Amino acid sequence: MVVANALDRAMAPGAMTLRTMFQLPRLKLSSGLAAVPRLPPGKRVYAVGDVHGCYDLFVELLQRIDQDNAQRPEADVYLVLLGDLINRGPASYQVLSLVADLTVGGSQFVALRGNHEATLVAAWHGSAAACRQLHRMGIKQTLASYGVDTTDYDMWDIDQLIALVQQTISPQHIAFIEQMPLMWTCGDFVFVHASLEPGRSLDEQSEATLLWSRQPYQPGKSDVTAVVHGHANLLEPANERHRICVDTSAHRTGVLTAVGLEGPDRWFLATEPRQQP
């Protein structure tokens with residue numbers, strides 16, 4: 001599996017192992033509602049919430065996913081990252097480098113773009129508005145992970161910040177972010193960073209909704225499509241019939257969460273809470 005191969009390259013000596021897994025109750029459907037969304041037979045998907053520069057948590061969760069997958073029957077396995085790999089946490093460079101490595105030559109590893117990646121790209125191309133936004137999004141920690149001395153960060157003006165972003169973030173990483181898809185689908189599930197707008201086809205969804213919306217997806221009762229997303233800064237996963245959110249604010253809580261999907265079944269994996277630097 002792609003995860004096992006990645007761990008051989010990513011695992012650092014002394015890294016901790018995962019010890020905690022969320023066990024959420026199975027969905028209880030009232031009569032008259034559509035069937036539970038499901039994946040096609042023979043498919044298994046693990047979707048990971050917002051990593052936000054938490055490299056150690058990311059590697060631990062990959063371990064836990066690999067262990068979980070090894071205990072299940074053989075299947076076509078996909079690993080989906082739901083965006084916001086960067087900012088806020090201490091190791092955005094390491095996370096982005098690992099993810100870029102994981103996606104080489106493999107269609108079963110999917111890294112979606114989040115609003116943090118989109119804002120970084122806009123700032124790198126010279127947008128002052130995007131750079132001001134990055135200032136509030138934790139770009140200081142990202143620049144530090146690339147080796148920048150941020151001692152005088154609070155004294156930098158926007159022009160200086162743009163210049164540092166352009167000088168520091170490699171063209172290779174920007175190109176990698178720019179090719180990240182906004183959406184991925186499998187069976188009845190649609191994987192995005194933020195949300196979908198009900199009543200519109202997937203082709204009609206706006207980038208603003210996919211990357212930035214805080215409005216939970218609420219389809220009609222007969223709609224079997226379910227959204228799997230991050231972006232919401234929750235303290236525990238959301239597990240609704242048509243919506244699964246696995247953004248558990250890893251940079252604050254120390255809990256990075258993934259959901260596993262197979263057929264109509266869903267289960268949650270997570271790192272043990274710990275204080276983040």
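Since we're looking at a predicted model, the values are computed, not measured. Once a new chain begins, its residue numbering starts again from 1 and follows that chain's sequence as written. It should be noted that, the model being predicted, local features are given only for residues of pLDDT at least 70 and side-chain atom pairs only at 80 or more, the latter also being counted only at that level, while totals for whole chains, interfaces and linings use all residues. Water and hydrogen atoms were dropped before computing side-chain values, which therefore reflect all heavy atoms in the structure.

A. Summary view of the environment of Arg-274. The helix count covers DSSP runs of H or I at least four residues long, the strand count covers runs of E at least two residues long, and both are numbered beginning at the N terminus. In this fold, Arg-274 is placed in the segment after β10 (265–270). The buried label applies to any residue whose accessible area, calculated with a 1.4 Å probe on protein chains only, is under 20% of its type's maximum; exposed applies above 50%, and partly exposed to all values in between. According to the relative accessible area criterion, Arg-274 is partly exposed, its value standing at 24%. With 24 residues separating them in the primary sequence, Arg-274 and Ala-250 have C-alpha atoms 9.4 Å apart.

B. How the structure looks around the sheet that holds strand β6 (residues 226–229). Pairing between strands requires that DSSP locate at least two bridges from one strand to the other. Pairing within the open sheet is mixed, and its five strands lie in the order β4-β5-β6-β8-β7. Two strands close off the open sheet at either side, each with one partner strand: β4 (183–186) and β7 (238–240). For this sheet, the mean angle separating the axes of adjacent strands, direction not counted, is 15°. Alignment of β7 against strand β8 (residues 243–245), held across three bridges, turns out to be antiparallel. Residue Glu-240 lies in a different strand from β8, and its bridge partner there is Arg-243. As a rule, the C-alpha atoms of each element are fitted with a line to give its axis, helices using only the stretch in contact, and angles between N-to-C directions run from 0 to 180 degrees.

C. Representation of the pairing of strand β5 (residues 189–192). Burial along β5 is two-sided: the face carrying Phe-189 and Phe-191 and the face carrying Val-190 and Val-192 are both buried. Direction of pairing for β4 relative to β5: antiparallel, over a ladder of four bridges. Paired with Cys-186 across the bridge in β5 is Phe-189. A loop of two residues connects β4 with β5, the two strands running antiparallel in sequence, and Gly-187 in this loop sits at a positive phi of about 60°.

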